[in-house]
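# Chains, contacts and geometry: an overview
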Amino acid sequence: MALAQDLCDCKVKLQMETYVQPEVHPQPSNFGQYTNKMHFMSTNVLIELCGKTFAKDFLKPVDSELLGAPEYYAIVGQPMDIGTIIKRLNNKFYHHVGEVVSDFMLIIHNCFMYNRSGSVIFERGQLLEDYFMKQLKAIPKGVEYPYDDDRKMLRSTMSVPAPSVASTRSPVKTRQMLQPPTGKENPPPTCVQPEVGPEPMNLGKYTNKLDFFKKSVLDEACKLDFCAEFMRPVDTVVLGVPKYYEVVMKPMDIGTIINRVENNFYHHVGDAMSDFMLIIYNCFKYNKPGDEVYSHGMLLDAFFKKKMQAMPTGPEITIDNAFPGAISTDCYPEIV
């Protein structure tokens, strides 16, 4: 009897895996925000896409049984769709617009990972990628600030189905979270190094698009004078900014991204793009318009958007042994 029940439970679990709804609600301790740049993404990208034929396959979570793709969730371990991104925006899941960009790039990554070149869905994925990369350069410049809380919630003509299965994957710690000081016994840190090595069970990969990102964005940034402030973690003592880590809770820098790329920290290029956009977000969050560092952040933003227009399109192809045995934690390039 117990065996029969176990078999029944197993069958139910297999049936549930035919439709996976990613998490759309933030953890209570990790509540995000809805910003001006997210509003741009929602109105100029997501809602617009809901009315475009080439995007119709990406509006909802994949129902592998309905679509006759039983192995979909065995291949695509981190599903994503436009409807989920809309729900996350409504629920203040994201902290800055780079996280939205990462999720959208994940949709594209999954499309090319599962579908064969020449198929209808593959070709629609190419159109989706081309459309999104053109919109990326139009994201508003400057500070990212909370958008009017009285806004109307995002709506579209599409109907996003209620989730039948919640994502059961354990959350992966991707960035160091800082706790505010509680007293003299716990002073604020003077220099914070975000994690650069992946968890053993969550090893990423090095791809053709990450190769482009490293060589054309990160390595090129190392040659630019206006990038000097963004090359390594902020040292609050050296720079005379004692309250930096009370304002910037998720620090990021170019040297850390380089180390992460070389250590196979990222799973797709959207993750690296999000980290780079986090640098820009932090710059505008801490520095005021008119400050030299703020103006350098504006130049960094323009540099990033321009470079991304040349990124290879299509499938993200794994490059094996690009950095054999590399687990670097303190290698920061110098400005040349």
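One can find the structure itself at the top, above this paragraph.
Residue numbering note: each chain is counted from 1, following its sequence as written. Only residues with pLDDT of 70 or above have their local features reported here, since the model is predicted, and side-chain atom pairs are shown and tallied only from 80 upward, although totals for entire chains, interfaces and linings are computed over all residues. With hydrogens and water excluded, all non-hydrogen atoms of the structure serve as input to the side-chain values.

### Some details on empty space enclosed by the protein
The cut-off we apply is this: With a 1 Å grid laid over protein atoms only, a set of points is called a cavity when a 1.4 Å probe fits there but cannot get out and a pocket when it is open yet has protein on both sides within 12 Å along at least five of seven lines; lining residues have an atom within 4 Å of a point. Grid points are joined across faces, edges and corners, and a volume is the space filled by probe spheres set on the points. Only DSSP runs of H or I covering at least 4 residues are called helices, and only runs of E covering at least 2 are called strands; the numbering of each starts at the N terminus.
A full pass over the atoms with the stated rule returns 2 cavities of 30 Å³ or more. Contributing to the lining of the largest cavity are Lys37, Val97, Ile139, Pro140, Glu144, Met277, Ile280, Tyr281, Asp301 and Lys305. Put simply, the parts of the chain that give the lining of the largest cavity at least two residues each are helix 11 (269–286) and helix 12 (292–308).

### Quick word on helix 5 (residues 97–114)
For an α-helix, 3.6 residues make a turn, and residues three or four places apart therefore share a direction. Where we set the bar: One less than the number of residues in a helix, times 1.5 Å, gives the span that helix is expected to have. Exposure classes here rest on a 1.4 Å probe applied to the protein chains alone. A residue is buried below 20% of its type maximum, exposed above 50%, and partly exposed in between.
In a regular helix each residue adds 1.5 Å, so 18 residues correspond to 26 Å; helix 5 covers 26 Å between its end C-alpha atoms and thus fits that length. Of all 18 residues in helix 5, 16 are buried, a share of seventy percent or more.

### A look at the packing of aromatic side chains
Applied cut-off: Working definition: a ring pair exists when centres of Phe, Tyr or Trp rings (six-membered ring for Trp) sit within 6.5 Å. Plane angles under 30 degrees give stacked, over 60 give edge-to-face, the rest tilted.
Per the stated rule, a full pass over the model turns up 14 aromatic pairs. Measuring from ring centre to ring centre gives 5.9 Å for Tyr34 and Tyr147, while their planes differ by 75 degrees; the resulting arrangement is edge-to-face. Taken together, the residues span a long stretch of sequence, with Tyr34 in the loop between helix 1 (2–16) and helix 2 (36–49) and Tyr147 in the loop between helix 6 (120–136) and helix 7 (208–221) at a distance of 113 residues. Residue Tyr34 is classed as buried on the basis of its relative accessible area of 2%. With relative accessibility at 27%, the residue Tyr147 sits in the partly exposed group. With 6.5 Å between their ring centres and 75 degrees between their planes, Phe213 and Phe304 make a pair best called edge-to-face.

### As for the pattern of salt bridges
As a reminder of what qualifies: Any carboxyl oxygen of Asp or Glu that lies within 4 Å of a side-chain nitrogen of Lys or Arg is treated as forming a salt bridge with it.
According to the stated counting rule, one finds 11 salt bridges in the structure shown. One salt bridge in this structure joins Lys214 and Asp219, with 3.2 Å as the shortest N-O distance. Here Lys214 falls in the buried class, since its relative accessible area comes to 10%.

### Observations regarding the packing of helix 2 against helix 4 (residues 82–90)
What counts, and what does not: In this description, a line fitted to the C-alpha atoms serves as the axis of each element, helices being fitted only across the stretch in contact, and the angle between N-to-C directions of two axes falls anywhere from 0 to 180 degrees. Note on terminology: angles under 35 degrees are roughly parallel, angles over 145 are roughly antiparallel, angles of 65 to 115 are roughly perpendicular, and the others are oblique. Crossing handedness is read from the near helix: turned anticlockwise from the far helix by less than a right angle, it gives a left-handed crossing, and turned clockwise, a right-handed one. Note on contacts: a residue pair is in contact if any heavy atoms of the two residues lie within 4.5 Å. Polar here means any residue outside two lists: the nonpolar Ala, Val, Leu, Ile, Met, Phe, Trp, Tyr, Cys and Pro, and the charged Asp, Glu, Lys and Arg; Gly therefore counts as polar.
Between helix 2 and helix 4, the shortest axis-to-axis distance is 11 Å and the interhelical angle comes to 150 degrees. With respect to helix 4, the axis of helix 2 lies roughly antiparallel. Considering how the two elements wind past one another, helix 2 and helix 4 form a crossing that is left-handed. For the pair helix 2 and helix 4, contact is made by Met38, Ser42, Leu46 and Leu49 and by Ile82, Ile85, Ile86 and Leu89, respectively. Across the contact of helix 2 with helix 4, the residue classes break down as 7 nonpolar, 1 polar and no charged.

Function-wise, these values are silent; they only describe arrangement.
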